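# A closer look at the structure
Take a look at the letters that make up each chain.
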Amino acid sequence: MKAFYTNNNGLVEIQKWTSNCWIHIESPTESDKNYLLEELQVPEAFYNDIEDIDERPRIEIEDGWTLIIMRIPIKSGDVKIPFHTVPLGIIFKEDICVTISFYKTEIIKDFVAYSQRKNIEIEDNFNLVLRLLLSSSVWYLKYLKQINHKIKLAEDNLEKSIKNEELQALLQIEKCFVFFITSLKANDVLFQRIKNLKAHKANYDPELLEDVEIELNQAQDTANIYNNILTGMMDAYASVISNNMNNIMKQMTSISIILMIPTLIASLYGMNVPNGLEESKYGIWILLLVSIILSTFGVFLFKRRRWF
């Protein structure tokens, strides 16, 4: 899907390309690819880099074209990993500026709507990059709140009964934190590189730089805090499971010892040696009575937990 935006008290969508407009392509088709590579002459290597889901944030310049890749959060349709991060590429040269995402995202639509509400004018290409970094950080925070809500739901269910499904849900959330924390760190490194570009340093809006830095740091801190809480919770439940397993093993050991008593007595009585009861007609009953008494005493000790 291809869309064109221009400044008009905020970003407004237009029907065709004009000089210095912003082109956004989401989930590009073959015709979109041809438009980028043949009409706009975008380097194919840049296009392929953005297509790679594991591509790391960076800035690269080639033949006058500038490529900036950042990681943005998305809500995936995968139940196992409900939240993920994907690359968003910004390619620009002179009066051409293109953003490409191979995955559907809520960020761009929200970014355009926000610019209209606040009457934000995009001054230049780097201003667009910084504002997209700011918007992505805000969305990281939004998704982190949703992840935290999922953690609370799983915690409530685990308090009632420790089930594999709830533990697996926490493991899936832990994967989301790994993606978020790694991507936020890489975005922060990218921001510092852009911030320190000598050729453009004087043109940056100081307030915008401060806002981006604050939101990036807040998103990183929030992700780390939630991840530490989740790690502590997982460790606590692992200890509970281990303790429950130890209690079960103690009970099984105690039961096996109790059952061993009558077996031991019967084995001794069955030996081919004199024992004083081989001629008694009450021998078997005496053995049964002794076995019952000793087993009962063992059960009593087991219930009083004196053995372990």
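Just so you know, these numbers come straight off a predicted model, no measurement behind them.

### Structural notes on the overall build of the protein chain
Broken down by element type, the protein chain carries seven helices and seven strands. Counting from the amino terminus, helix and strand elements in the protein chain follow one another as β-β-β-α-α-β-β-β-β-α-α-α-α-α. Counting only residues that meet the buried cut, the protein chain has 41% of its 308 residues in that class. Taking the intrachain contacts of the protein chain between residues at least 6 apart in sequence as the baseline, contacts between residues at least 24 apart amount to 64%. Working note: accessible area of the protein chain is about 17700 Å², and carbon and sulfur atoms make up 55% of it.

### Looking at the environment of Asn125
Within the secondary structure, Asn125 sits in helix 4 (residues 125–160). In sequence terms Asn125 and Trp22 are 103 residues apart; their C-alpha atoms lie 8.9 Å from each other.

### Focus on helix 1 (residues 30–39)
What helix 1 keeps buried is the set Asp32, Tyr35, Leu36 and Leu37. After helix 1 finishes, the residue Gln41 shows a positive phi value of roughly 60°.

### A few points about the sheet that holds strand 5 (residues 65–75)
The strand order across the open sheet formed by seven strands is 2-1-3-7-6-5-4, and the pairing between neighbours is mixed. Among the strands making up the open sheet, the edge pair consists of strand 2 (11–14) and strand 4 (58–62). Pairs of neighbouring strands in the sheet enclose a mean axial angle of 25°, with direction left out of account. The sheet contact formed by strand 3 (residues 22–26) and strand 7 (residues 96–101) spans five bridges and is parallel. Opposite Glu26, over in strand 7, you have Ser101 as the bridge partner. Packing of helix 2 (residues 44–51) onto the sheet brings it into contact with strand 4, strand 5, strand 6 (83–93) and strand 7, and relative to strand 5 it is tilted by some 15°.

### Details of the pattern of salt bridges
Considering all chains together, one arrives at five salt bridges under this definition. One salt bridge connects Arg58 with Glu60, and the closest N-O pair in it is separated by 2.9 Å. On the basis of relative accessible area, Glu60 is assigned to the partly exposed category, the value being 26%.

### Considerations on a nonpolar patch on the surface
There is a patch of nonpolar side chains on the surface, built from Tyr282, Ile284, Trp285, Ile286, Leu288, Val290, Ile292 and Leu294 and spanning about 780 Å² of accessible area. For Leu294, the position within the fold is in helix 7 (residues 283–304).

### Digging into the side chain of His24
Following the sequence through the fold, His24 ends up in strand 3. Its relative accessible area of 3% is what places His24 among the buried residues. A polar side-chain atom of His24 sits 2.7 Å from a polar atom in the side chain of Thr99. Once you skip the residues sitting within four places of it in the chain, His24 turns out to touch Met1, Lys2, Ala3, Tyr5, Leu88, Thr99, Ser101 and Ile108.

### Some words on the nonpolar core
Formed by 59 residues in total, the largest nonpolar core has its most connected members in Trp22, Ile68, Met70 and Ile194. Those elements giving two or more residues to this core turn out to be strand 1 (2–7), strand 5, strand 6, helix 3 (107–118), helix 4, helix 5 (164–195) and helix 6 (206–269). Residue contributions to this core peak at 15 residues, all from helix 4. If near-sequence neighbours (up to four positions away) are discounted, Ile68 is found in contact with Arg58, Ile59, Leu88, Gly89, Ile90, Phe92, Phe126, Val129, Leu190 and Ile194. Counting 20 residues, the second largest nonpolar core, distinct from the first, contains Ile23, Tyr47, Trp65 and Ile91.

### A word on the pairing of strand 3
Burial within strand 3 is extensive, with five of its five residues counted as buried. Taking every second residue as pointing to the same face, both faces of strand 3 are buried, with Trp22, His24 and Glu26 on one and Ile23 and Ile25 on the other. The sheet contact formed by strand 1 and strand 3 spans four bridges and is antiparallel. Bridged to Ala3 within strand 3 is His24.

### Let's talk about the packing of aromatic side chains
Counted according to the given criterion, the structure contains nine aromatic pairs. Their ring planes at 70° and their centres at 5.2 Å tell us that Tyr47 and Phe102 sit as a pair that is edge-to-face. Of this pair, Tyr47 sits in helix 2 while Phe102 sits in the loop between strand 7 and helix 3, and the two are 55 residues apart along the sequence. Accessibility expressed as a relative area gives 4% for Tyr47, which makes it buried. Their ring planes at 75° and their centres at 5.3 Å tell us that Phe92 and Phe126 sit as a pair that is edge-to-face. Of this pair, Phe92 sits in strand 6 while Phe126 sits in helix 4, and the two are 34 residues apart along the sequence. The class for Phe92 is buried, based on a relative accessible area of 6%. Among the aromatic side chains, those forming a connected cluster through ring pairs are Tyr5, Trp22 and Phe111. Across the ring face of Tyr35, the terminal group of Lys2 is positioned such that the distance to the ring centre comes to 4.8 Å. Across the ring face of Trp139, the terminal group of Lys142 is positioned such that the distance to the ring centre comes to 4.2 Å.

What counts and how
By convention here, each chain's residues receive numbers from 1 onward along its written sequence. Under the rules for a predicted model, residues below a pLDDT of 70 receive no local features and side-chain atom pairs below 80 are neither given nor counted, while totals for whole chains, interfaces and linings still include all residues. Side-chain measures were taken over the full set of non-hydrogen atoms in the model, leaving aside hydrogen atoms and water. To qualify as a helix, a DSSP run of H or I must reach at least 4 residues; to qualify as a strand, a run of E must reach at least 2; elements of each kind are numbered from the N terminus. Remark: exposure states derive from per-residue accessible area (1.4 Å probe, protein chains only) relative to the maximum for the residue type, with buried under 20%, exposed over 50%, and partly exposed in between. Throughout, a contact is declared for two residues whenever any of their heavy atoms are within 4.5 Å. Each accessible area is a Shrake-Rupley result for a 1.4 Å probe, and residues are judged covered by the shown protein chains and nothing else. We call two strands paired when DSSP finds no fewer than two bridges between them. The axes used here are C-alpha line fits, helices contributing only the stretch in contact, and every angle between their N-to-C directions lies in the interval 0 to 180 degrees. What makes a salt bridge here is a side-chain nitrogen of Lys or Arg within 4 Å of a carboxyl oxygen of Asp or Glu, nothing more. Patch definition: residues above 30% relative accessible area lacking any salt bridge, with like charges linked at up to 9 Å and the nonpolar side chains Val, Leu, Ile, Met, Phe, Trp and Tyr linked at up to 5 Å. Side-chain atoms alone can form a polar contact between residues adjacent in sequence; in general such a contact is a pair of N or O atoms within 3.5 Å, and within protein one must be able to donate a hydrogen while the other accepts it. For our purposes a nonpolar core is just a set of buried Ala, Val, Leu, Ile, Met, Phe, Trp, Tyr and Cys residues, chained together by side-chain atoms within 4.5 Å. What counts as a ring pair is set by centres within 6.5 Å for rings of Phe, Tyr and Trp (its six-membered ring), and what kind of pair is set by the plane angle: stacked under 30 degrees, edge-to-face over 60, tilted for all other angles. We call a charge positioned above a ring when the Lys NZ or Arg CZ atom is no farther than 6 Å from the ring centre and deviates by at most 35 degrees from the ring normal.

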